[in-house]
Amino acid sequence: MFNCEQCGCCCRNIGKVFWAKNMALSNGICKYLNQETNLCNIYNNRPIFCNVDAFYEKYLKNKMPINEFYAKNKLECKNLQVLMIKKK
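Residues numbered from 1 in each chain as written. Predicted model: local features only at pLDDT ≥ 70, side-chain atom pairs only at ≥ 80, totals over all residues. Heavy atoms only, no water.

(A) The arrangement of the overall build of the protein in detail. Secondary structure summary: the protein contains 2 helices and 2 strands in total. Along the protein, helices (α) and strands (β) appear in the sequence β-β-α-α when read from the amino end. Taken against the 2.2 N^0.38 rule, which gives 12 Å for 88 residues, the C-alpha radius of gyration of the protein at 13 Å falls within 12% of a compact globule. On the principal axes, the C-alpha backbone points of the protein span a range of 35 × 30 × 25 Å. Residue burial in the protein is summarised as follows: out of 88 residues, 27% are buried. In the protein, of all internal contacts separated by at least 6 residues, the share reaching a separation of at least 24 is 39%. Separation between the mean location of the 14 positive side-chain charges and that of the 6 negative ones in the protein comes to 7 Å. (Helix = DSSP H or I, 4+ residues; strand = E, 2+ residues; numbered from the N terminus. Rg over C-alpha atoms; globule rule 2.2 N^0.38 Å. Buried < 20%, exposed > 50% of the residue type's maximum accessible area, 1.4 Å probe, protein only. Contact = heavy atoms within 4.5 Å. Lys, Arg positive; Asp, Glu negative; His and termini not counted. Charge placed at Lys NZ, Arg CZ, Asp CG, Glu CD.)

(B) Geometry of the packing of aromatic side chains. If you walk through the whole model with that rule in mind, you get 5 aromatic pairs. When the centroid spacing of 4.3 Å and the interplanar angle of 75 degrees are considered together, the rings of W19 and F49 count as edge-to-face. Taken together, the positions of W19 in the segment before β1 (33-34) and F49 in the loop between β2 (39-40) and α1 (52-60) put the pair 30 residues apart, joining distant regions of the chain. The interplanar angle of 45 degrees and the centroid separation of 4.9 Å between the aromatic rings of F55 and Y59 together place this pair among those described as tilted. One end of the pair is F55 and the other is Y59, both in helix α1 and 4 residues apart, which spans about a single turn. Exposure remark for F55: the relative accessible area of 27% places this residue in the partly exposed category. (Phe/Tyr/Trp six-rings, centres within 6.5 Å; stacked < 30°, edge-to-face > 60°.)

(C) Geometry of the side chain of Q81. Inspection of the secondary structure assignment puts Q81 in helix α2 (residues 66-87). For Q81, a relative accessible area of 15% translates into the label buried.

See below:
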């Protein structure tokens, strides 16, 4: 299972993803993010692209090892965290 840090960085940048713009508020933050807790208000019913494990199972399990997919996700997570720090 992917270990999410619950930092909210991916949810705070959802408006930059062209296929997820309908989920974004005018400031680019996901409309389902509780901005105080960084938790998803629709977690159990979130879209598949917000669920690292379900996305991997449906689309990538025959294309790459799961540890490689987790590593790529963790790298992008760290990149977003750095960008968010620079924005402040």
